Amino acid sequence: MRTRSLLALVLLALAAGCATAPSQTRDICAVFDQRNGFFSNWQREAERAQKKYGVPVPILMATMYVESGFQPNARPPRTKLFGFIPWTRPSTAYGYSQALDGTWDHYQSATGNWAARRTNFADAIDFIGWYHYSNSQATGIQLNDAYSLYIAYYSGPAGYRRGDWRSNAQLQKTARRFANMAATYQQQLQGCD
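A short tour of the structure in this document, coming up. Given the structure is predicted, the values throughout are model-derived calculations rather than measurements.

**Observations regarding the packing of helix H3 (residues 42–53) against helix H6 (residues 121–139)**
In contact at an axis separation of 9 Å, H3 and H6 are set at 25° when each is read in the N-to-C sense. By the criterion of interaxial angle, the relationship of H3 to H6 is roughly parallel. As H3 packs across H6, the resulting crossing turns out to be right-handed. In this structure, H3 contributes Trp42, Glu45, Ala46, Ala49, Lys52 and Tyr53 to the contact, and H6 contributes Phe121, Ala122, Ile125, Asp126, Gly129, Trp130 and Tyr133. Of the residues contributing to the contact of H3 with H6, the split by class is nine nonpolar, one polar and three charged.

Structure representation (structure tokens):
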């Protein structure tokens with residue numbers, strides 16, 4: 001009986017640890033230290049995505065930082081009807097990567113990863129790598145150009161090529177914040193144990 005109780009507590013602790021965002025998200029070493037489990041090892045998964053798609057780990061992790069704050073169930077806030085009644089969401093973005101329903105479906109089809117979930121870190125980081133790589137192929141953006149990769153991540157390859165983002169000051173500001181976070185993560189990663 002005691003063994004079952006202990007096992008239940010361990011499983012509950014593992015599940016609870018995976019269901020929330022890390023507490024220190026501005027330091028990539030701390031993020032990786034906080035999620036260095038046997039079943040879910042974020043550094044190993046990020047490095048796997050980098051090896052598979054060629055997108056640097058700091059860019060992968062900065063994407064997740066900016067898009068969801070590492071919240072597995074992140075969604076855009078609901079709009080308000082009459083200014084106070086919760087209404088619809090502005091998009092279907094969901095999970096760590098904030099992938100839209102249609103884009104996620106395309107990812108699953110293109111990769112054959114039909115069981116992938118947007119709330120699973122390994123699946124989400126693989127999606128981010130795949131999407132950045134796909135955008136790079138479609139637009140010619142270099143895989144280390146964090147600013148442009150983020151704009152294409154947000155706008156899609158067609159929107160990026162059309163230049164829709166040039167008149168979107170908020171998107172440009174977010175892309176600069178993203179590029180700065182990726183650069184910070186890059187510096188920090190060199191000192192991780």
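**Quick word on the state of the cysteines**
Formally, a disulfide is one covalent bond, and it connects the sulfur atom of one cysteine to the sulfur atom of another. Enumeration according to the criterion identifies one disulfide in this entry. With a sulfur-sulfur separation of 1.9 Å, Cys29 is cross-linked through a disulfide to Cys192. Here Cys29 and Cys192 share a disulfide; its torsion about the S-S bond, -95°, makes the bridge left-handed. Of this pair, Cys29 sits in helix H2 (residues 28–34) while Cys192 sits in the segment after helix H8 (169–189); the two residues are 163 residues apart in sequence, bridging distant segments of the chain. With relative accessibility at 15%, the residue Cys29 sits in the buried group.

**Brief notes about helix H4 (residues 57–68)**
Over its 12 residues, H4 extends 16 Å from the first C-alpha to the last, a length consistent with the 16 Å expected when each residue adds 1.5 Å. Taken together, the buried positions of H4 are Val57, Pro58, Ile59, Leu60, Met61, Ala62, Thr63, Met64, Tyr65, Val66, Glu67 and Ser68. Turning to H4, the residues buried within the fold contact H2, H3, H6, helix H7 (146–162) and H8. Residue Gly69 follows H4 closely and has a positive phi angle near 60°.

**Topic: the packing of aromatic side chains**
Counting across every chain of the model gives 18 aromatic pairs. Where Tyr65 meets Tyr185, the ring centres are 6.3 Å apart and the plane angle is 75°; that geometry is what we call edge-to-face. Note that Tyr65 is positioned in helix H4 and Tyr185 in helix H8, a separation of 120 residues in sequence. For Tyr185, a relative accessible area of 0% gives the class buried. Of the aromatic side chains, those joined through ring pairs into one cluster are Trp42, Tyr65, Phe70, Tyr96, Phe121 and Tyr185. Taking NZ or CZ as reference, Arg35 lies 5.5 Å from the ring centre of Trp42, over its face.

What counts as what
- Residues numbered from 1 in each chain as written.
- Predicted model: local features only at pLDDT ≥ 70, side-chain atom pairs only at ≥ 80, totals over all residues.
- Heavy atoms only, no water.
- Axes fitted to C-alpha atoms, helices over the stretch in contact; angles between N-to-C directions.
- Helix = DSSP H or I, 4+ residues; strand = E, 2+ residues; numbered from the N terminus.
- Parallel < 35°, antiparallel > 145°, perpendicular 65-115°, else oblique.
- Left-handed = near helix turned anticlockwise from the far one by under 90°.
- Contact = heavy atoms within 4.5 Å.
- Nonpolar A, V, L, I, M, F, W, Y, C, P; charged D, E, K, R; others polar.
- Disulfide = S-S within 2.5 Å.
- Buried < 20%, exposed > 50% of the residue type's maximum accessible area, 1.4 Å probe, protein only.
- Expected span 1.5 Å × (residues − 1).
- Phe/Tyr/Trp six-rings, centres within 6.5 Å; stacked < 30°, edge-to-face > 60°.
- Lys NZ or Arg CZ within 6 Å of the ring centre and 35° of its normal.

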